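As a plain string of letters, each chain reads:
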Number of protein chains: 2
Amino acid sequence: MSFELALSLDRPGPLFVAIAAAVAEDIARGRLVPGARLPGTRALAESLGVHRNTVVAAYAELEAEGWIETQAARGTFVALSRPADRPRRFAKTAGPRSEVPRRLGFELRRDVAPFMAPPTARFDLRGGLPDLRLAPHAVLARAYRRALAKRGGALLDYGDPRGLGELRVGLGEMLSTLRGLAPAADDVMVTRGSQMGLWLAGQLLLEPDDVVAVESFGYAPAWRALSSTGARLRPIRVDEQGLVVSDLEALLTRQRVRAVYLTPHHQYPTTVVLSAGRRLRLLELAREHRFAILEDDYDNEFHYDGRPVLPLASADRAGVVVYIGTLSKVLAPGLRIGFVVAPPALVERMAALRVQVDRQGDQATEAAVAELISDGELARHVRRMRRAFHARRDVLVSELRGHFGDRLRFRVPAGGLALWARAPGVDVEAWATAALARDVSVRTAKDFSFDGRRRPYLRIGFGRMNEDELREAAARLARAFSESGRSRG
Amino acid sequence: MSFELALSLDRPGPLFVAIAAAVAEDIARGRLVPGARLPGTRALAESLGVHRNTVVAAYAELEAEGWIETQAARGTFVALSRPADRPRRFAKTAGPRSEVPRRLGFELRRDVAPFMAPPTARFDLRGGLPDLRLAPHAVLARAYRRALAKRGGALLDYGDPRGLGELRVGLGEMLSTLRGLAPAADDVMVTRGSQMGLWLAGQLLLEPDDVVAVESFGYAPAWRALSSTGARLRPIRVDEQGLVVSDLEALLTRQRVRAVYLTPHHQYPTTVVLSAGRRLRLLELAREHRFAILEDDYDNEFHYDGRPVLPLASADRAGVVVYIGTLSKVLAPGLRIGFVVAPPALVERMAALRVQVDRQGDQATEAAVAELISDGELARHVRRMRRAFHARRDVLVSELRGHFGDRLRFRVPAGGLALWARAPGVDVEAWATAALARDVSVRTAKDFSFDGRRRPYLRIGFGRMNEDELREAAARLARAFSESGRSRG
């Protein structure tokens, strides 16, 4: 028989797969008919100029997929039935079809406001986000490979909804070194970002009409997760020492409060650190009034001046703190690795609830991250990033001072990835719009304020752009400032 | 100066990282003090017997991490301040501490039954689960590497909560080839397993006290997701043609039904295929009564006898079907890649809701799976698995017939990964317990029945064990059968 294989060698992967794919395609197209005899492995190997073992492997693959059959002592033949049978219709109206109906044939009983990502630009000063050009892609790719090679099928199977044991242990060790918390594995749950940790805790802590205190300037995605329970959120003021705990105390005289959600370390968005006195008072109040403190410690490691402060959770003797962390800032937000440290009674219920939602985390990613922790790559990466962000902060501060002087007032943030600046008497919305036209994105107070009102504040991030880009972005901000000033005056 | 580096070369990864780690450790331990001068790169390279560029790279790493400082024309010195400052306490009671409190200092407002994984054993016949020893680990590891190399930072960033565009396109093409549906990317949402798709759809479709019809033998994790909304579930009988649609029709005369959840292709757990007449009637009823059909098509591809049937979604002209699929069976459950095909009005709201819960999927995994689809690896893997499972089904069927004859009655399932067998007059719970003692796990009717009652049925899986293991497992099942019979009689 004559058999010419149209072999395309530009596909990635092993040669035997390419040969098998070419034969399968010839069968699928009808060039090789059912029952036809295929050349022997030796003959085909010679005609293709490859090692015979490569053809043997290709035939084994084709047999495993059901394209061919080998009959002992007789040879290799195209299988009589094709492996990929087309599905059958159950009615004339059944597919194949090119469209999903545009309209819904049923009512939705609940609406959710559509998700809108904040506008971004080439010079991205939205704040809070790390520079993913510095993320350790190659190291991460190796970690995936090692994890899959080491743990194989177990990673791809159903597993513990609290997260992979070795990652829970690794996170515990990391928290012990860096944050004065040394949780056992049973005190830790790995979540998909801090968002899931907060969402799960909220579902268990809150019922409709329960009261939750939040910062009057804060993190709106967290508020949405908490209010999805039907709970009512009450804003508490934030000043230069963080949450005004005496205002919370006043609220407690009037209402039962079930939980307080806050960002004590680098308050989001103002970057202030909650003072020691207020920390102690908050813990006392929680014990006395039996409310939960949802402590969101999202970027603890990025602290530049002096030492970072230990989390509230490190002084919790009463079981009132639910500690929520994330690797979104120190590693990358797209990995969606967050964690919660809490008494096991809460961790177990969070895990049971999560089973209903998504069953478990992505174990391949969890194992890869556990590798990065255990071999020290994560700690090294954090040190590199801290140093880079420290330098970037200093560049941004000096550029803003040079361009704006007194027209933009801010304290140099001791940590975090952004600064919070006041522009007295300026229409910051017009400024931000003019900046976007010049390819610079910043965010204004209204994105963070509980009441949604406009106020003359900007959040300017320095984590995502390098030093040269920050210089250029500051210059563009200055031009946008003059333009938006002119357009107003 | 004399400087002897205690270099451990047994760590994985590049040599320059090992050298940097050794120097950093000496600084951390105080063997190298702040301000001390380090040897030149040439001298250190010679003393270590490595290329000078390796030492240059190690010094660059150490500088990036903040351990050392290079002063032009003067040399390299240990930095004056240590990069990893210990955090400071804010009170005497603040950590470091070794324990998280055991008791909660606040009330939980909602309880969730603790999660219990079903018991498993060496011979795992629990059914429905694929054999992960056959999962393509190495191919997957390469796909992660390619995806991270190609897409880099973008994968690690925030992205579309509906899932990565290229995976939505790839899934659409796969559904078009295999399932007679050709959705546009906007009709597809990638979810974390079918569980999240079902959970999200349920949250939007159902309010407390709404009625949902489900199969009287079915998939309990789906029921829990649906009833978490406060909706009331109503079981509908299943017979040898699948869901008894006339029973649903009777229910519709008495109650407003908001949704029907079912597994029409290989009914879970009985494996029967919903008949064509019932399919058409169900679609008519949905259009007329404006309820949603939640079609869970969890293992469509594993069909052995005749052609698989197209999904209900392929004949939906009224926008009533929410089509839910998963790669848990065809690839691996641990990857948590599921998908929903529905009109964009629903997809967009599901995405907005998911932002509150976990923001977005694992994009590295989504990109790796998109690679497996586009390069044909997934299709090849499905063909290999189908062939393997077909052979395993035949072995299990013949072994069970040999060991049990008429005492175990079943139809040979046309597809799926398990069979549903009746053991008339047998205490199947006692049998399953005796089997577990012999290291064989099977599941009984009560795990699947809506009313939780015991009935003389077993679900016996053949996906997870190879042919030899199935023979051994069947022999052990037979011994357990005699034992449990004796213990009863």
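This text gives an overview of the structure that appears in the document. (Residues numbered from 1 in each chain as written. Chains lettered and ligands numbered in written order. Predicted model: local features only at pLDDT ≥ 70, side-chain atom pairs only at ≥ 80, totals over all residues. Heavy atoms only, no water.)

1. A look at the overall build of chain A
Put simply, the test is: Labels follow the DSSP assignment, with helices taken as runs of H or I lasting at least four residues and strands as runs of E lasting at least two, numbered in each case from the N terminus. The globule rule used for comparison is 2.2 Å times the number of residues to the exponent 0.38, while the radius of gyration itself is calculated over C-alpha atoms. Per-residue accessibility, obtained with a 1.4 Å probe over protein chains only, is compared with the maximum for each type, and a residue is labelled buried under 20%, exposed over 50%, and partly exposed between these values. What makes two residues a contact is simply this: any of their non-hydrogen atoms within 4.5 Å. The sign given to each residue is positive for Lys and Arg and negative for Asp and Glu; His and the chain ends receive no count. Charge coordinates come from a single atom per side chain, which is NZ of Lys, CZ of Arg, CG of Asp or CD of Glu.
When you go through chain A residue by residue, the secondary structure sums to 14 helices and 16 strands. Relative to the 2.2 N^0.38 estimate, which gives 23 Å for 489 residues, the radius of gyration of chain A is 29 Å and therefore markedly larger than a compact globule would have. Each of the 489 residues in chain A was classed as buried or not, and the buried ones make up 60%. Within chain A, residue pairs in contact and separated by at least 24 positions form 70% of the contacts whose partners lie at least 6 positions apart. Computed over 73 positive and 58 negative side-chain charges, the inter-centroid distance for chain A is 3 Å.

2. Some thoughts on the pattern of salt bridges
In plain terms, the rule: A carboxyl oxygen of Asp or Glu within 4 Å of a side-chain nitrogen of Lys or Arg is what we treat as a salt bridge.
All chains considered together, the criterion is met by 94 salt bridges over all chains. Residue A:Lys446 is joined to A:Asp447 by a salt bridge in which the shortest nitrogen-to-oxygen separation is 3.5 Å. A relative accessible area of 31% places A:Lys446 in the partly exposed class. Looking at A:Asp447, the relative accessible area reads 28%, which means it is partly exposed. Salt bridges sharing common partners tie together A:Glu107, A:Arg109, B:Glu207, B:Asp210, B:Arg256 and B:Arg258.

3. Thoughts on the nonpolar core
To keep it simple, the criterion reads: Definition of nonpolar core: a set of buried residues of the types Ala, Val, Leu, Ile, Met, Phe, Trp, Tyr and Cys, connected through side-chain atoms within 4.5 Å.
Counting 202 residues, the largest nonpolar core has A:Ile293, A:Trp431, A:Leu477, B:Ile293, B:Trp431 and B:Leu477 as its most contacted members. Setting aside residues no more than four positions away along its own chain, A:Trp431 makes contact with A:Phe404, A:Leu408, A:Ala423, A:Val426, A:Leu458, A:Leu477, A:Ala480, A:Phe481 and A:Ser484. Among the nonpolar cores identified, the runner-up in size contains 72 residues, and A:Trp223, A:Ala352, B:Leu205 and B:Val322 belong to it.

4. With respect to the interface of chain A and chain B
So the rule is basically this: Buried area is calculated as the accessible area (1.4 Å probe) missing from two parts once they are joined, with the contributions of both summed. We call two N or O atoms a polar contact when they sit within 3.5 Å, provided that within protein one can donate a hydrogen and the other can accept it, with sequence-adjacent residues counted only if both atoms are side-chain atoms.
Residue-level contacts link 140 residues of chain A with 140 residues of chain B. Among the residues of chain A in contact with chain B, A:Phe90, A:Arg109 and A:Leu156 are the three that bury the most area, contributing 7% of the side total. The tally of links between chain A and chain B comes to 22 salt bridges. Residues A:Arg109 and B:Asp210 are paired through a salt bridge, measuring 2.8 Å at the closest nitrogen-oxygen approach. The interface formed by chain A and chain B contains 48 residue pairs in polar contact (both at pLDDT 80 or more). Ranked by the residues each element gives to the side of chain A that touches chain B, the list is headed by helix α10 (residues 344-357) of chain A, at 10 residues.

5. What about the pairing of strand β4 (residues 188-191) of chain B?
Residues and elements named next belong to chain B. Filter applied, for reference: Only strands that DSSP links by at least two bridges are regarded as paired with each other.
Judged by which residues are buried, β4 turns out to be covered on both faces: Val188 and Val190 on one side and Met189 and Thr191 on the other are all buried. With 4 bridges connecting them, β4 and strand β12 (residues 338-341) associate as antiparallel partners. Its bridge partner being in β12, Val188 is matched across the sheet by Val341.

6. Comments concerning the packing of helix α8 (residues 245-254) of chain A against helix α9 (residues 276-289) of chain A
Residues and elements named next belong to chain A. Definition in use: Each axis is a line fitted through C-alpha atoms, and for a helix only the stretch in contact is used; angles between axes span 0 to 180 degrees, taken between their N-to-C directions. Working definition: roughly parallel below 35 degrees, roughly antiparallel above 145 degrees, roughly perpendicular at 65 to 115 degrees, and oblique for all remaining angles. With the far helix as reference, a near helix turned anticlockwise by less than a right angle produces a left-handed crossing, and one turned clockwise produces a right-handed crossing. In the scheme used here, Gly and all other residues not listed as nonpolar or charged are polar, with Ala, Val, Leu, Ile, Met, Phe, Trp, Tyr, Cys and Pro taken as nonpolar and Asp, Glu, Lys and Arg as charged.
Remark: α8 packs on α9, axes separated minimally by 10 Å, with the N-to-C direction vectors making an angle of 15 degrees. Considering the angle they form, α8 stands roughly parallel to α9. You can see that α8 and α9 cross each other, and the crossing is left-handed. Contact residues: Val245, Leu248, Glu249 and Leu252 in α8; Arg278, Arg281, Leu282, Leu285 and His289 in α9. Of the residues that constitute the contact of α8 with α9, the class distribution is 5 nonpolar, 1 polar and 3 charged.

7. Quick word on helix α2 (residues 41-48) of chain B
Residues and elements named next belong to chain B. Put simply, the rule is: The arc in question is the one spanned by the directions pointing from the helix axis to the C-beta atoms.
Thr41, Leu44 and Ala45 are the residues of α2 that are buried. Looking straight down α2, one finds that the buried residues subtend no more than 100 degrees of arc, so they occupy a single side. Residues of α2 that are exposed and angled more than 90 degrees away from the buried face: Arg42, Glu46 and Ser47. Where α2 is buried, its residues meet α3 (52-65).

8. Topic: the sheet that holds strand β16 (residues 457-461) of chain B
Residue and element names in this part refer to chain B. Read from one edge of the open sheet, 3 strands run β13-β16-β15, paired in antiparallel fashion. The open sheet has two edge strands, β13 (418-422) and β15 (443-444), and neither has a second partner. Two elements, β13 and β16, share 5 bridges in a ladder whose sense is antiparallel. Within β16, the position partnered with Leu419 by the bridge is Ile460.

9. Observations regarding the relation of the copies chain A and chain B
Applied cut-off: Copies overlap after least-squares fitting; the atoms used are the C-alpha atoms of residues with pLDDT of at least 70 in both.
At an RMSD of 0.0 Å, chain A and chain B line up after a rotation of 180 degrees and a shift of 0.0 Å along the axis. Expressed as an axis order, the relation between the two copies is that of a two-fold axis. Comparing contact sets, 100% of the residues at the interface of chain A also lie at the interface in chain B, consistent with an isologous, same-surface contact.

10. Some points on the environment of A:Arg88
Position of A:Arg88 relative to the elements: it lies in the loop between β2 (75-78) and β3 (123-124). According to the relative accessible area criterion, A:Arg88 is partly exposed, its value standing at 37%. Sequence separation of A:Arg88 and A:Asp427 is 339 residues, and the distance between their C-alpha atoms is 64 Å. Other than its neighbours up to four places away in sequence, A:Arg88 contacts B:Arg307, B:Pro308, B:Val309 and B:Leu310. At 2.4 Å, the side chain of A:Arg88 forms a polar contact with the backbone oxygen of B:Arg307.

11. Here's the deal with the packing of aromatic side chains
For clarity, the cut-off: Aromatic contacts are taken between Phe, Tyr and Trp rings whose centres are within 6.5 Å, Trp giving its six-membered ring; a plane angle under 30 degrees counts as stacked, one over 60 as edge-to-face, and the others as tilted. Placement of a charge over a ring requires the Lys NZ or Arg CZ to be within 6 Å of the ring centre, with the centre-to-atom vector within 35 degrees of the ring normal.
Enumeration over the complete set of coordinates arrives at 26 aromatic pairs over all chains. Measuring from centroid to centroid gives 5.6 Å for B:Tyr268 and B:Phe448, while their planes differ by 70 degrees, and the two rings are edge-to-face. Of the two residues, B:Tyr268 is situated in the loop between β9 (259-262) and α9 (276-289) and B:Phe448 in the loop between β15 and β16; the sequence distance between them amounts to 180 residues. Accessibility assignment for this pair places B:Tyr268 and B:Phe448 in one class, buried. Taking NZ or CZ as reference, A:Arg279 lies 5.0 Å from the ring centre of B:Phe90, over its face.

12. Details of the sheet that holds strand β12 (residues 338-341) of chain A
Residues and elements named next belong to chain A. The strand order across the open sheet built from 7 strands is β4-β12-β11-β10-β9-β5-β6, with neighbouring strands paired in mixed fashion. The open sheet is flanked by β4 (188-191) and β6 (232-236), the only strands paired with a single partner. Strand-to-strand twist across the sheet, computed as the mean angle between neighbouring axes with direction ignored, equals 20 degrees. Relative to the sheet, helix α7 (residues 220-227) contacts β5 (211-215), β6, β9 (259-262) and β10 (292-296), its axis offset from that of β5 by approximately 180 degrees.

13. Let's talk about the pairing of strand β6 (residues 232-236) of chain B
Within a regular beta strand, the side chains point alternately toward one face of the sheet and then the other, so they alternate between its two faces. As defined by bridge partners, strand β5 (residues 211-215) of chain B adjoins β6(B) across 5 bridges and the pair is classed as parallel. Looking across to β6(B), one finds that B:Glu215 is bridged to B:Ile236.

14. Section: the side chain of B:Asp316
Residues and elements named next belong to chain B. When you line up the elements, Asp316 lands in the loop between β10 (292-296) and β11 (321-326). Among the residues examined, Asp316 registers a relative accessible area of 4% and is labelled buried. Separated by 3.0 Å, the side chain of Asp316 and the backbone nitrogen of Ala318 make a polar contact.

15. Some words on unusual backbone geometry
With omega at 10 degrees, the peptide bond leading from A:Tyr268 into A:Pro269 counts as cis. Despite not being glycine, A:Asp439 shows a phi value in the positive range, around 70 degrees. Checked against the element boundaries, A:Asp439 lands in the loop between α13 (428-437) and β14 (440-441). Judged by its relative accessible area of 31%, A:Asp439 is partly exposed. Within the chain, B:Arg336 stands out as a residue other than glycine whose phi angle is a positive 55 degrees. With respect to the helices and strands, B:Arg336 occurs in the loop between β11 and β12.

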